[in-house]
Amino acid sequence: MYQTYDDLPDSEIRKRIAQYRYDYFFHYLLMESERIRLTLCRFLSGDNTIQQTFLETNESYIPYYGGKKLIMDQVVRDDKGRLYNFEMQNYDIEDDDEVRFACYLNNMMERQLKRGVDYIDMKDVYQLVLYTGNPVENFHHYQHNLKRGDFEYGAVLEHQKAHAVLL
């Protein structure tokens, strides 16, 4: 029917692209494509010297907190030992989701805790939330780099170890 993608009407292109936004495809893509994982890890960390990534098993990331089961979508480790969490969020972000994302970042930090290791020497952790829901209040851009600090006075904590990006 259509010879190339250039021949497709816009409505058909949108329909075909939309099928790839679901968790199952996202998980499959990250599990099967070293190249995609590498690109995303380089993007988040800003480190283009990363050569390899490794998919971590999520089984170690399923603690229960007050009856809540927290399951991170995908966790990846780069060849420098840094951890990355990739989340696909296809419904509107609610208050619970914001807390859940923060728990995932904290979980990756806690995983590094070892006796005798100073906190400042822990590896940075990264999180990417790919978001397809309705706009979040006051978030009007394509990319938001989330940081901790006192925004009433315009102060950001200097030694951020947990980095989160909402796309």
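Here, the structure is the one placed above.
Residues numbered from 1 in each chain as written. Predicted model: local features only at pLDDT ≥ 70, side-chain atom pairs only at ≥ 80, totals over all residues. Heavy atoms only, no water.

A. Expanded view of the layout of surface pockets. The volume enclosed by the largest pocket comes to roughly 600 Å³. Along the walls of the largest pocket sit 21 residues, with E98, A102, L105, L146 and A164 positioned nearest its centre. Of all the secondary-structure elements, those providing two or more residues to the lining of the largest pocket are α4 (95-110), β6 (125-131) and β10 (162-166). By residue number, the principal contributor to the lining of the largest pocket is α4, which donates six residues. (1 Å grid on protein atoms, 1.4 Å probe; cavity = no way out; pocket = protein on both sides within 12 Å on 5 of 7 lines; lining within 4 Å. Points joined across faces, edges and corners; volume = space filled by probe spheres on them. Helix = DSSP H or I, 4+ residues; strand = E, 2+ residues; numbered from the N terminus.)

B. Structural context of a negative patch on the surface. A contiguous patch of negative charge on the surface is contributed by E94, D95, D96 and E98. Summarising the element assignment, D96 is placed in helix α4. Owing to a relative accessible area of 57%, D96 belongs among the exposed residues under this scheme. (Patch = residues over 30% accessible without salt bridge, like charges linked within 9 Å, V, L, I, M, F, W, Y side chains within 5 Å. Areas by Shrake-Rupley, 256 points an atom, 1.4 Å probe, with all protein chains shown as cover. Salt bridge = Lys/Arg side-chain N within 4 Å of Asp/Glu carboxyl O. Lys, Arg positive; Asp, Glu negative; His and termini not counted. Charge placed at Lys NZ, Arg CZ, Asp CG, Glu CD. Buried < 20%, exposed > 50% of the residue type's maximum accessible area, 1.4 Å probe, protein only.)

C. Summary view of the pattern of salt bridges. Scanning the model with the defined rule gives nine salt bridges in all. For the salt bridge of E34 with R37, the shortest nitrogen-to-oxygen distance reads 2.8 Å. Of this pair, E34 and R37 both sit in helix α3 (residues 34-45), three residues apart, which is roughly one turn of the helix. A relative accessible area of 28% places E34 in the partly exposed class. Note on R37: relative accessible area 7%, which makes it buried. Among the salt bridges present, the one from R100 reaches D97, with a minimum N-O distance of 2.9 Å. Remark: D97 and R100 occur in helix α4; sequence separation between them is three residues, near one turn of the helix.

D. Main features of the environment of R77. With respect to the element layout, R77 can be found in strand β4 (residues 74-78). Sequence separation between R77 and T53 is 24 residues; the distance between their C-alpha atoms is 5.6 Å. With residues up to four places along the chain from it excluded, the contact list for R77 reads Q52, T53, F54, E56, R82, L83 and R111. In terms of polar contacts, R77 uses its side chain to reach the backbone carbonyl oxygen of G81, at 3.2 Å. (Contact = heavy atoms within 4.5 Å. Polar contact = N/O pair within 3.5 Å; in protein donor to acceptor, adjacent residues only side chain to side chain.)

E. Summary view of the sheet that holds β10. Ordered in space as β1-β4-β5-β6-β10-β7, the six strands form an open sheet in which the pairing is mixed. Of all the strands in the sheet, just β1 (53-55) and β7 (144-146) have a single pairing partner and so form its edges. Pairs of neighbouring strands in the sheet enclose a mean axial angle of 20°, with direction left out of account. Most of the contacts of α4 go to strand β5 (residues 83-89), to which it runs at about 160°, and overall it touches β4, β5, β6 and β10. (Pairing = 2+ DSSP bridges. Axes fitted to C-alpha atoms, helices over the stretch in contact; angles between N-to-C directions.)

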